Amino acid sequence: MRIGLHDAEYERMLNKSFPNLALMKISAYYKSFGCQVEWWVPDKKYDLVYSSKVFDFTPENENLPKNTINGGTGYGLYDELPEEIDRCYPDYSLYPLCDYAVGFLTRGCINACSFCVVPQK
Ligand code: SF4
């Protein structure tokens with residue numbers, strides 16, 4: 001299978017430097033089955049396309065296929081990866097400039113900054 005990945009912030013934010021952990025795990029999951037995983041390119045044929053966005057104000061790409069699987073806090077506070085994908089070790093090859101580890105040490109937050117959705121999640 002050929003899997004297309006779309007990082008909404010990477011496309012819209014100049015100088016975006018943070019990787020998308022969910023997409024890294026999705027990539028690792030499908031690669032473990034021998035699938036071809038790559039960044040989504042318009043007009044190219046894919047068996048599945050995943051789009052992820054962190055922020056709800058990030059615009060969506062209107063050229064994504066209608067059956068794109070959307071996920072991330074930008075689409076809904078309670079979007080979660082299926083457990084079998086969430087357990088995967090992230091595929092760091094997606095973001096070659098990322099020279100640090102990404103993951104969760106804790107979940108939630110005891111603070112309540114007005115602009116942040118972490119306490120709600
Ligand atoms: S910005 Fe969010 S995660 Fe950070 S301290 Fe405030 S509520 Fe917690």
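The rules we used
Residues numbered from 1 in each chain as written. Predicted model: local features only at pLDDT ≥ 70, side-chain atom pairs only at ≥ 80, totals over all residues. Heavy atoms only, no water. Near = heavy atom within 4 Å. Nonpolar A, V, L, I, M, F, W, Y, C, P; charged D, E, K, R; others polar. Core = buried A, V, L, I, M, F, W, Y, C linked by side-chain atoms within 4.5 Å. Buried < 20%, exposed > 50% of the residue type's maximum accessible area, 1.4 Å probe, protein only. Helix = DSSP H or I, 4+ residues; strand = E, 2+ residues; numbered from the N terminus. Contact = heavy atoms within 4.5 Å. pLDDT = per-residue confidence, 0-100. Pairing = 2+ DSSP bridges. Axes fitted to C-alpha atoms, helices over the stretch in contact; angles between N-to-C directions. Polar contact = N/O pair within 3.5 Å; in protein donor to acceptor, adjacent residues only side chain to side chain.

Caption draft 1: View of the site of the ligand. Lining the immediate surroundings of the ligand are C109, N111, C113, F115, C116, V118 and P119. Taken together, the residues of the shell around the ligand break down into 6 nonpolar, 1 polar and no charged.

Caption draft 2: Broad picture of the nonpolar core. If you look at the biggest cluster of nonpolar residues, it comprises 16 residues, and the most contacted ones within it are I3, L5, L23, I26, Y30 and Y50. Looking at this core, the elements with two or more residues in it are strand 1 (2-7) and helix 2 (21-31). Looking at which element gives the most residues to this core, the answer is helix 2, with 6 residues. Discounting chain neighbours no more than four positions away, the residues touching L5 are L23, I26, S27, V37, E38, W39, W40, Y50 and L94.

Caption draft 3: Local environment of the confidence of the model for the protein. On average, residues of the protein score 92 in pLDDT, and 100% of them are at 70 or above. The lowest-confidence element of the protein is helix 1 (residues 8-12), averaging 86 in pLDDT; the highest-confidence one is strand 2 (residues 36-39), averaging 98.

Caption draft 4: Representation of the sheet that holds strand 3 (residues 48-52) in the model. Within the open sheet, the 4 strands sit side by side as 2-1-3-4. Their pairing is parallel. Edge positions in the sheet fall to strand 2 and strand 4 (69-71), since each has one partner strand and no second. Strand-to-strand twist of the sheet, defined as the mean angle between neighbouring strand axes without regard to direction, takes the value 20 degrees. Here 4 bridges tie strand 1 to strand 2, and the two strands are oriented parallel to one another. The partner of L5 across the bridge, within strand 2, is W39.

Caption draft 5: Here's a closer look at the side chain of E38. Within the fold, E38 resides in strand 2. For E38, a relative accessible area of 15% gives the class buried. For E38, the side chain forms a polar contact with the side chain of K44, separated by 2.8 Å.

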